Every structure is written in C-alpha cells, then in structure tokens.
2 protein chains.
Amino acid sequence: MTKKAADMAQPCIIAVAITGSVPTKADNPAVPITVAEQVESTHAAYEAGAAIAHCHVRNDDGTPSSDPDRFAALMDGIAQHCPGMIVQLSTGGRSGAGAARGGMLPLRPDMASLSVGSNNFPTRVYENPPDLVGWLASEMRAHDVMPEIEAFDLSHIIQAALMADDGRLPRPLYVQFVMGVKNAMPVDERVLDFYIETLNRYAPDALWCAAGIGAGQIVVNEWAIARGGHTRT
Amino acid sequence: MTKKAADMAQPCIIAVAITGSVPTKADNPAVPITVAEQVESTHAAYEAGAAIAHCHVRNDDGTPSSDPDRFAALMDGIAQHCPGMIVQLSTGGRSGAGAARGGMLPLRPDMASLSVGSNNFPTRVYENPPDLVGWLASEMRAHDVMPEIEAFDLSHIIQAALMADDGRLPRPLYVQFVMGVKNAMPVDERVLDFYIETLNRYAPDALWCAAGIGAGQIVVNEWAIARGGHTRT
Ligand SMILES: [Zn+2]
Ligand SMILES: [Zn+2]
Ligand SMILES: [Zn+2]
Ligand SMILES: [Zn+2]
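Our subject in this report is the structure included herewith. As the structure is a computational prediction, the values presented were derived from the model and not from experiment.

### Some remarks on the overall build of chain A
For chain A, the count of helices and strands is seven helices and twelve strands. In terms of C-alpha radius of gyration, chain A reaches 17 Å, essentially the compact-globule figure of 17 Å for 233 residues. Considered along the principal axes of its C-alpha atoms, chain A spans approximately 50 × 40 × 35 Å. Considering only contacts in chain A between residues 6 or more positions apart, those separated by 24 or more positions represent 65%. With the model as given, the accessible surface of chain A reaches about 9600 Å², and the carbon-plus-sulfur share is 57%. Taken together, the 17 basic and 26 acidic charged side chains of chain A have centroids lying 4 Å from each other.

### Details of the sheet that holds strand 10 (residues 174-179) of chain B
All names here are of chain B. Read around the closed barrel, eight strands run 1-2-5-6-9-10-11-12, paired in parallel fashion. Recorded for the sheet is a direction-independent mean angle of 25° between the axes of neighbouring strands. Strand direction decides the pairing type here: strand 6 (residues 111-114) and strand 9 (residues 146-151), joined by four bridges, are parallel. Directly across from A112, in strand 9, lies its bridge partner P147.

### Some details on the interface of chain A and chain B
Taken together, the 32 residues of chain A in the interface contact 32 residues of chain B. Summed over both sides, the interface between chain A and chain B buries roughly 2400 Å², with carbon and sulfur atoms accounting for 54% of that surface. Our count for the contact surface shared by chain A and chain B stands at four salt bridges. The shortest N-O distance in the salt bridge between R201 of chain A and D188 of chain B comes to 3.0 Å.

### Topic: the packing of helix 5 (residues 154-165) of chain B against helix 6 (residues 189-202) of chain B
Residues and elements named next belong to chain B. One way to put it is that helix 5 packs onto helix 6 with a least axis distance of 9 Å and a crossing angle of 15°. By the angle between their directions, the pair helix 5 and helix 6 is classed as roughly parallel. Between helix 5 and helix 6 the crossing geometry is right-handed. Residues L154, I157, I158 and A161 of helix 5 pack against F194, Y195, T198, L199 and Y202 of helix 6. Per-class residue counts for the contact of helix 5 with helix 6 are eight nonpolar, one polar and no charged.

### Observations regarding the coordination of the zinc ion (ligand 4)
Residue and element names in this part refer to chain B. Bound to the zinc ion (ligand 4) are the protein donor atoms E40 (OE), E40 (OE), H43 (ND1) and H81 (ND1), situated 1.9 to 2.7 Å from the metal. Coordination at the zinc ion (ligand 4) comes from four donor atoms whose angles at the metal span 50 to 142°, giving a geometry best classed as irregular. For the zinc ion (ligand 4), the single-chain donor residues occur in sequence as E-x2-H-x37-H. Note that E40 is positioned in helix 2 (residues 35-47) and H81 in helix 3 (residues 68-81), a separation of 41 residues in sequence. Owing to a relative accessible area of 41%, E40 belongs among the partly exposed residues under this scheme.

### Quick notes on the relation of the copies chain A and chain B
When chain A is fitted to chain B, the best match, at an RMSD of 0.0 Å, comes from turning it 180° and sliding it 0.0 Å along the axis. Taken together, these values place the two copies in the relation of a two-fold axis. Every residue of chain A has its C-alpha some distance from the rotation axis, and the shortest such distance is that of N119 of chain A, at 2.6 Å. By residue overlap, the copies meet face to face through one surface: 100% of the interface positions of chain A are interface positions in chain B.

### Section: the coordination of the zinc ion (ligand 1)
Distances from the zinc ion (ligand 1) to its protein donors, H54 of chain A (NE2) and H56 of chain A (NE2), fall at 2.0 to 2.1 Å. Comparing H54 of chain A with H56 of chain A, the two get one shared label, buried.

### A few points about helix 4 (residues 130-142) of chain B
With 13 residues, helix 4 of chain B should cover 18 Å at 1.5 Å per step; its first-to-last C-alpha distance of 18 Å lies within 8% of that length. Taken together, the buried positions of helix 4 of chain B are P130, L132, V133, L136, A137, E139 and M140 of chain B. Elements that come into contact with the buried residues of helix 4 of chain B comprise strand 7 (119-120) of chain A together with strand 6, strand 9 and helix 5 of chain B. Count one or two residues on from helix 4 of chain B and you reach D144 of chain B, which has phi positive near 60°.

### Comments concerning the packing of aromatic side chains
Here the structure, examined in full by the defined rule, presents eleven aromatic pairs over all chains. Ring geometry for F121 of chain A versus F152 of chain A: centroids 5.4 Å apart, planes at 65°, classification edge-to-face. Taken together, the residues F121 of chain A in the loop between strand 7 and strand 8 (125-126) and F152 of chain A in the loop between strand 9 (146-151) and helix 5 (154-165) connect sequence positions 31 residues apart. In this structure F121 of chain A comes out as buried when scored by relative accessible area, which is 14%. Since its relative accessible area comes to 9%, F152 of chain A is described here as buried. Judged by centre distance (5.6 Å) and plane angle (70°), the rings of Y126 of chain B and F152 of chain B are edge-to-face. Within this pair, whereas Y126 of chain B is found in strand 8 (residues 125-126), its partner F152 of chain B is found in the loop between strand 9 and helix 5, the two being separated by 26 residues in sequence. The exposure class of Y126 of chain B is buried, given its relative accessible area of 5%. Taken together, F121, Y126 and F152 of chain A form an aromatic cluster joined through their ring pairs.

### Quick notes on the pairing of strand 10 of chain B
All names here are of chain B. Most of strand 10 is tucked away: six of the six residues are buried. Burial along strand 10 is two-sided: the face carrying Y174, Q176 and V178 and the face carrying V175, F177 and M179 are both buried. Across three bridges, the pairing between strand 9 and strand 10 is parallel. Across the sheet, the residue bridging to E150 is Q176, located in strand 10. In the classification by handedness, the crossover that spans strand 9, the intervening helix 5 and the parallel strand 10 is right-handed.

### A closer look at the environment of S138 of chain B
Residue and element names in this part refer to chain B. Tracing the chain through its elements places S138 in helix 4. Accessibility expressed as a relative area gives 27% for S138, which makes it partly exposed. It is 6.9 Å that separates the C-alpha atoms of S138 and R168, two residues lying 30 residues apart in sequence.

Parameters at a glance
Residues numbered from 1 in each chain as written. Chains lettered and ligands numbered in written order. Predicted model: local features only at pLDDT ≥ 70, side-chain atom pairs only at ≥ 80, totals over all residues. Heavy atoms only, no water. Helix = DSSP H or I, 4+ residues; strand = E, 2+ residues; numbered from the N terminus. Rg over C-alpha atoms; globule rule 2.2 N^0.38 Å. Contact = heavy atoms within 4.5 Å. Areas by Shrake-Rupley, 256 points an atom, 1.4 Å probe, with all protein chains shown as cover. Lys, Arg positive; Asp, Glu negative; His and termini not counted. Charge placed at Lys NZ, Arg CZ, Asp CG, Glu CD. Pairing = 2+ DSSP bridges. Axes fitted to C-alpha atoms, helices over the stretch in contact; angles between N-to-C directions. Buried area = accessible area lost by both parts, 1.4 Å probe. Salt bridge = Lys/Arg side-chain N within 4 Å of Asp/Glu carboxyl O. Parallel < 35°, antiparallel > 145°, perpendicular 65-115°, else oblique. Left-handed = near helix turned anticlockwise from the far one by under 90°. Nonpolar A, V, L, I, M, F, W, Y, C, P; charged D, E, K, R; others polar. Donors = N, O, S within 2.8 Å, 3.2 Å for Na, K, Ca; no water. Tetrahedral: all angles 85-135°; square planar, octahedral: opposite > 155°, others 65-115°. Buried < 20%, exposed > 50% of the residue type's maximum accessible area, 1.4 Å probe, protein only. Least-squares fit on C-alpha atoms with pLDDT ≥ 70 in both. Expected span 1.5 Å × (residues − 1). Phe/Tyr/Trp six-rings, centres within 6.5 Å; stacked < 30°, edge-to-face > 60°. Right-handed = clockwise from strand over helix to strand, strands pointing away.

Quick look at the structure:
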C-alpha cells in the first residue's frame, strides 16, 4: 500500500465542539447552552459521524463555568444518548480561574483539553502559567484522562513534546492545532504544514488534528483532512 | 552583485543587552546593575562595535524597575560616553505592571522593545494583553520611538505584520527573534529559518535580528549572521 493509500485507509476522527466558551444565544439562537440542549446537539453530531464531543459547560446565565456537577450531568447525558462516543472536557474555559479549571478531572472523562503555553486572545491574555499546566497534566495522569494538547502557537507544540519526553505527558501525544483566533495564530496553510513538520520532528509518534475558529472552520477542516489529520468542527 | 555578495555587503547591526531584567550580582558579579556600571559596560561594548544598547534599569536592590528617572540617567550617560550609539529601552522588564511599562517613552529614546503577544516564561506568564500592546505602540508613535518587536513565538511575527498593515506599527518593522527561553521557544535552527520565511511573507520590507538567551547566545548569533540578519549579544 502506498503512503497515500495508507493515509486514506486511516479513519479521520471528527470532534464536535458543541458549545465553546464564547458564543451566546444572542450570537446564534442555535448554540446549545443547557445540558439538555448540549446532549441533543451532541446526539445529532454523533448520528452524523462525530467521534469526540469537546465539551464546555455554562452557568444558567450562559457565562462559562467549570462546575464539576454540570460536567457530570453532561457526561451522563452523552453516555446515554451517544454510546461509545469519546467525551473530552475543556480545562480552558475559564482562564485565570487556576485550579478550578481542573476540578472536573476526577470525573475521569476519556479526554480533556490541555493548553501548555500562553497566548493572546481577542481581548485578553489566555493565561496558562507553567505551574498550572504541570498540575493539570498531573491530574490527568492521576485520573487516567488522555490530554488533547491545544496548540495556539508554534512553541506550544514543542513544549508538549518536551513534556512527553520528561514524562509529564503520556505518549502518543494528541495535538490540536488551533487557527483563526484573533491576536493568536491566523488561518495559514503554510503554517499548518510547518506545525505538522515540527510535531513530526519533535514527537514522531504523535497524532494531530486541526481546528479553525469562526470563519476559518471549513477551510481548516479541508486542509487537515487532505493531509491525513483529524479535525474539529 | 549576487544576492550573497549583497548580503555580505550589508553591515550586521550588533545590539548589546547589558543588564537584562533577571541576572543578579549573585549569578555573575560582572553584571552591571547601577547606572554607572551600565554606562561603562555599554561604553566597552560600543568600543567593541555594538551599535544598539538594549537597556533595562534596576532598583538599588537589583530588582527590575521601569523608573523613567533611572532610564533618563542611563540615556544621559550613554550619550556622553558612546556618541551616536542607538539607545533602545525595554518596555518588557516588569510584565504585569501595565502602563508603568511605557512610562519612559516620553524620554524619546531612539528605540524601545515591544512585545505584541503573550507567552510563558520559566516560572510565569509574560503578559502582554492586547490593549496594553496597542497603547505601548501608540505611545511609541506619539514620541517618535522606533519599536523593536520581540518575537517569542511564531504568532508574534504575524501579529506585528498585521499591526503594520493597519497602521499601528511603523514600517519597516524591526523584529527580534528570541530563542532559548524555557517554556517559550527553544534554540532551533529550522524554526529560525521558518521565522525568516514567515516574516518575509507577511512583511517583505522588514528587518530582523535574533537573540539566544543564556547558553544559546553564541549559536543564535552565528545562525543570524550566516543568514544576513542582525543579532544581539
Ligand atoms: Zn473548547
Ligand atoms: Zn438524544
Ligand atoms: Zn530586554
Ligand atoms: Zn566611559
């Protein structure tokens, strides 16, 4: 089998980010906010072929939350409606909240997102100080949660590889390249190729996926699939 | 003249970072802390061929400061001992201090450092929130100070180019690639090449220099000079 045929034979893992931490009903009435809405939205994506549910939870007023009880309710609903779907909980939704960002890890979801560096977001710093990163990684190890590394910049890819080298992260790494966030990395095909090259150089056994935020979503999906990677909607 | 000969004919601008914000006399008794020590250290580098003095100032106890009076005294001393030397004041030395980081810009130094994104440092987040970045850039414009962009990661290079496109930064950009900071970008030759390629793609008229921190200093100097760039010791 040629390399290309082998790539074609490798299934593409589609993750669905049902809610995120930013959009509100005012932005889009269809965005699922309550747990019941999130479960049904996930169910629809599951029927359509999504294999991973990337989950944030919200307070009743729609603001972002890291409340373990809400995450537990969402996990229960997804388990009932979407048997076998991989549940990935976000630890990024409340930058600045410190250890509260990892309070749901004892729920032992299949996966959790992990940022290993800091960067700018549209109106603020996305703060992931080294001690918090190390603590979240150790909590994921303790509760047997597979991290998905959220790489918002090139150094985050290398940092993840160094953390796998010294045992702070498990192998193989699963790294998500995130593009299209204002003040961070734009949607850029040449950069995506260099991200892949760099990950292969520092962590040859790693898996990768890519996500475009907002208007860049579809184009990043297409680029990732064309390169044999996984992707997030 | 060939491209290579043209590159060889282009003088290499050497910047000297005399003090930085971290090392203490306990680390190295030769690190210049007082203004008098800084002036004499700069004078020696000037005699040896350095064209830019990259300046931080310290409090009497050696902790980092952004005190405009100390910067003014240092500028006076450098002007007297090193006629024609380009003075570049750091706006990065006290991350977290907000607008105090730009309090020396009304002194109208030739240049000032400017970080346009955030990243991790060895023990903390180097915080450069978007509104502070915009304010520092506008202060530099108001006081006719040329920014040196400090790029600690790939997205910082692109962000600087976007800020030049929309008029927030003057052209041509002068961008410093910084490698060797723990938890940010390691010393990596392939990444340096991609930094140069990316800068050329987004801002073809830009100038660049490179700095290696700590043990990476000499190797980054050599890589930069070999590629026709400028460099910092
Ligand atoms: Zn998310
Ligand atoms: Zn259902
Ligand atoms: Zn400096
Ligand atoms: Zn002198």
